[in-house]
Amino acid sequence: MKIYLYKGGFSIVRKSGVGSAIRHQEQMLKETGALVTDQWREADVVHINTVFPDSFFAAYLAKKQGKKVVYYGHSTMEDFRNSFVGSNMAAPLFKRWICRCYRMGDVVLTPTEYSRGLIMGYGIEKPVYSITNGVDTEFFCADRKAGRKFRKKYQIPEEKKVVISAGHLIRRKGIFDFLSLASEMPDTLFVWFGGGNSWAVPRDVKRALRNKPDNVLFAGYVEPRKLKEAYCGADAFAFFSYEETEGIVVLEALACEVPVVVRDIPVYEGWLEDGVQVYKATDTKEFREKLEKIFFQCGLKMTAAGRKLAEEHGIYETGMRLNGIYEEMNRDERQSRTDIYKDG
């Protein structure tokens, strides 16, 4: 089965988790020796990751031509809410649209059991599999030299405690909690990586950014190499997001063996354990308590467990699971043809 990775709209999502997922899929296919083609006409299977109109049309065309469609369910109504201007009002319409897109797939892949439950709850009757977006554990790894580069770039003294976070500057990612916690910990430097289109950022978020505490730095979007340096140079990674389908940056931080604090939300149930690979917190008070615990206690045991979990979500390991889904699709196709032959 020759696989075609559809990249329509990639320039729009390049700086997001969906963009990372597409890059990871390319790497998975390459590392596991899957048959990949850059020619549409040669493809037996088409991978689609976005829910733009051109993506829907690509899925429709693939189906008309007898190709199999693997639709990645990165988006849910739940993680669309509390994001950009007008997102809450548009959320029900967004749900109807993504359901229409996902129904075009012969199978739907989504990163976690949590997001799988959401998508199945929408009434999607196609097979829905949970399979991690994966993380490049060869690239994202502990690296003291990289960490020193980060501190040198931002002129951070060695003894200064640094907490980093990453994501779009939207309410859902917990930007207000990030700023609130920074104001409570003035001796700690808080650095946020990522941004977004200014026209889509709500006014209350823009206002909060203008009035940020002095110990907050917004570094904007950076390429993976610079983000790796930040993971390696930070004392902790804090992820304040209220809703995720997985959270690739969490896996990257774990792979770099930096202590991680995440919000205690359903997506992490069953695979991230509080006090084992990460600390979990429900509000800014708990985030502060967990961060101070990291600052004043040795976290080697937790970071080693985090690295082990990241390796279980590695590119090659995930690619092999993806190949297993292809094989199942192939078996189902052969069985269907056999059944038709018998009925005939």
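Use the structure listed above.
Bear in mind the structure is a predicted one, so any value in this text is a computation, not a measurement.

## Some remarks on the packing of aromatic side chains
Thinking step 1. Inspection of every chain in the model, using the stated rule, returns 16 aromatic pairs.
Thinking step 2. Centroid distance F178 to F218: 6.4 Å. Interplanar angle 50°. Geometry classified as tilted. Residue F178 is located in helix α8 (residues 175-184), and its partner F218 is located in strand β8 (residues 216-220); the two are separated by 40 residues in the primary sequence.
Thinking step 3. Residue F178 is classed as buried on the basis of its relative accessible area, which comes to 0%.
Thinking step 4. With a relative accessible area of 25%, F218 lands in the partly exposed category.
Thinking step 5. Ring plane angle 70° and centroid distance 5.7 Å describe the contact between Y231 and F237, whose orientation is recorded as edge-to-face. The same class applies to Y231 and to F237, which are both buried.

## Thoughts on the pairing of strand β10 (residues 260-263)
The side chains of a regular strand alternate between the sheet's two faces.
Thinking step 1. Along β10, one buried face is formed by V260 and V262 and the opposite face, lined by V261 and R263, is buried too.
Thinking step 2. Examined bridge by bridge, strand β9 (residues 236-239) and β10 share 3 bridges and lie parallel to one another. Note that in β10 the partner of F237 across the bridge is V260.
Thinking step 3. At this point the chain moves from β9, through helix α11 (residues 248-255), to the parallel β10, and the crossover so formed is right-handed.
Thinking step 4. Bridge count between β10 and strand β11 (residues 279-281): 3 bridges; the pairing is parallel. Bridging across to β11, V261 finds its partner in Y279.

## So, the nonpolar core
Thinking step 1. Core analysis: the biggest nonpolar cluster contains 37 residues, and I164, F193, Y231, F237, V250 and Y268 have the highest contact counts within it.
Thinking step 2. Every element with two or more residues in this core is listed here: α7 (144-153), β6 (162-166), β7 (189-193), α10 (224-233), β9, α11, β10 and α13 (300-312).
Thinking step 3. A total of 6 residues in this core trace back to one element, the largest contributor, which is α11.
Thinking step 4. Here F193 is in contact with F150, Y154, I164, S165, A166, G167, A219, G220, V222, L227 and A230, once residues within four sequence places are set aside.

## Structural notes on unusual backbone geometry
Thinking step 1. Unlike most non-glycine residues, Q155 shows phi in positive territory, near 55°.
Thinking step 2. The phi dihedral of E257 falls on the positive side, at around 60°, and the residue is not glycine.
Thinking step 3. By relative accessible area, which is 35% here, E257 ends up partly exposed.

## Considering the environment of V260
Thinking step 1. Examined against the element boundaries, V260 turns out to sit in strand β10.
Thinking step 2. Residues V260 and W199, 61 residues apart in the sequence, show an inter-C-alpha distance of 31 Å.
Thinking step 3. Dropping the residues within four chain positions of it, V260 is found in contact with F237, V250, A253, L254, V278, Y279 and M302.

## Brief notes about the sheet that holds β7
Thinking step 1. Strand order in this open sheet of 6 strands is β8-β7-β6-β9-β10-β11, and the pairing throughout is parallel. Among the strands making up the open sheet, the edge pair consists of β8 and β11. Adjacent strand axes in the sheet meet at a mean angle of 25° when their direction is disregarded.
Thinking step 2. Two strands pair when backbone bridges link them, and β6 and β7 are joined in this way by 5 bridges, in the parallel orientation. Note on β7: the bridge partner recorded for V162 is L189.
Thinking step 3. Seen against the sheet, α11 touches β6, β9 and β10 and runs at an angle of roughly 165° to β9.

## A look at the sheet that holds strand β5 (residues 128-130)
Across a sheet, paired strands are connected by hydrogen bonds in the backbone, their directions being either parallel or antiparallel.
Thinking step 1. Taking strand neighbours across the sheet as the criterion, the 5 strands line up as β1-β2-β3-β4-β5 in an open arrangement whose pairing is parallel. The open sheet has two free edges, formed respectively by β1 (3-5) and β5, since each of these has just one partner strand. Sheet twist, expressed as the mean angle between neighbouring strand axes with direction ignored, is 25°.
Thinking step 2. Examined bridge by bridge, β1 and strand β2 (residues 45-48) share 3 bridges and lie parallel to one another. Its bridge partner being in β2, Y4 is matched across the sheet by V46.
Thinking step 3. With respect to the sheet, helix α2 (residues 17-31) is in contact with β1, β2 and β3 (68-72), its orientation differing from that of β1 by roughly 155°.

Calculation notes
Residues numbered from 1 in each chain as written. Predicted model: local features only at pLDDT ≥ 70, side-chain atom pairs only at ≥ 80, totals over all residues. Heavy atoms only, no water. Phe/Tyr/Trp six-rings, centres within 6.5 Å; stacked < 30°, edge-to-face > 60°. Helix = DSSP H or I, 4+ residues; strand = E, 2+ residues; numbered from the N terminus. Buried < 20%, exposed > 50% of the residue type's maximum accessible area, 1.4 Å probe, protein only. Pairing = 2+ DSSP bridges. Right-handed = clockwise from strand over helix to strand, strands pointing away. Core = buried A, V, L, I, M, F, W, Y, C linked by side-chain atoms within 4.5 Å. Contact = heavy atoms within 4.5 Å. Axes fitted to C-alpha atoms, helices over the stretch in contact; angles between N-to-C directions.

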